[in-house]
Amino acid sequence: MEERILEILGEVNEEILSYEGDRLTKDSIIDSFEIINIVSELEEEFDIEIDAKYVVHENFENKDTIIALVKRLVEEQ
């Protein structure tokens, strides 16, 4: 699962994979359009719904927080 999430992130924006910080949006690594693309791709790939309440900075700080979000949502379903 983690590998596929990383593939999706890399397809949207390669910089996400090498980014070592914890402020993807604030450091202008990704923008709102890329977040929408990431959410859409993850929902389709893992058959989950990422509700708007989950699309917050804390869940999109870096690749690790995105992976944790997806894992949590997959486990809940």
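Look above for the structure.
One structure accompanies this document, and this report is about it. (Residues numbered from 1 in each chain as written. Predicted model: local features only at pLDDT ≥ 70, side-chain atom pairs only at ≥ 80, totals over all residues. Heavy atoms only, no water.)

## A look at helix 1 (residues 2-12)
Next, step 1: What helix 1 keeps buried is the set Ile5, Ile8, Leu9 and Gly10.
Next, step 2: If you follow the buried residues of helix 1, they end up packed against helix 2 (15-18), helix 3 (32-46) and helix 4 (63-76). (Buried < 20%, exposed > 50% of the residue type's maximum accessible area, 1.4 Å probe, protein only. Helix = DSSP H or I, 4+ residues; strand = E, 2+ residues; numbered from the N terminus. Contact = heavy atoms within 4.5 Å.)

## Comments concerning the nonpolar core
Next, step 1: Among the nonpolar cores identified, the biggest contains 22 residues, and Ile5, Leu42 and Ile50 are the most heavily contacted of them.
Next, step 2: Looking at this core, the elements with two or more residues in it are helix 1, helix 3 and helix 4.
Next, step 3: Sequence-distant contacts of Ile5, defined by excluding residues within four places in its chain, comprise Leu42, Phe46, Ile66, Ile67 and Val70. (Core = buried A, V, L, I, M, F, W, Y, C linked by side-chain atoms within 4.5 Å.)

## Looking at the environment of Leu42
Next, step 1: Its place among the elements puts Leu42 in helix 3.
Next, step 2: Note: C-alpha distance between Leu42 and Leu9 (33 residues apart in sequence) is 9.1 Å.
Next, step 3: Residue contacts for Leu42: discarding those within four places in its chain leaves Ile5, Ile8, Asp47, Ile48, Ile50, Ile66 and Val70.

## Some points on the packing of helix 1 against helix 4
Next, step 1: Between helix 1 and helix 4, the least distance of the axes is 10 Å, while the angle of their chain directions is 125 degrees. Between helix 1 and helix 4, the interaxial angle falls into the category oblique. Judged by the sense of rotation from one axis to the other, the crossing of helix 1 with helix 4 is right-handed. Contacts between helix 1 and helix 4 pair Glu2, Ile5, Leu6 and Leu9 from the former with Lys63, Ile66, Ile67, Val70 and Lys71 from the latter.
Next, step 2: Looking at side-chain class alone, the contact of helix 1 with helix 4 contains six nonpolar, no polar and three charged residues. (Axes fitted to C-alpha atoms, helices over the stretch in contact; angles between N-to-C directions. Parallel < 35°, antiparallel > 145°, perpendicular 65-115°, else oblique. Left-handed = near helix turned anticlockwise from the far one by under 90°. Nonpolar A, V, L, I, M, F, W, Y, C, P; charged D, E, K, R; others polar.)

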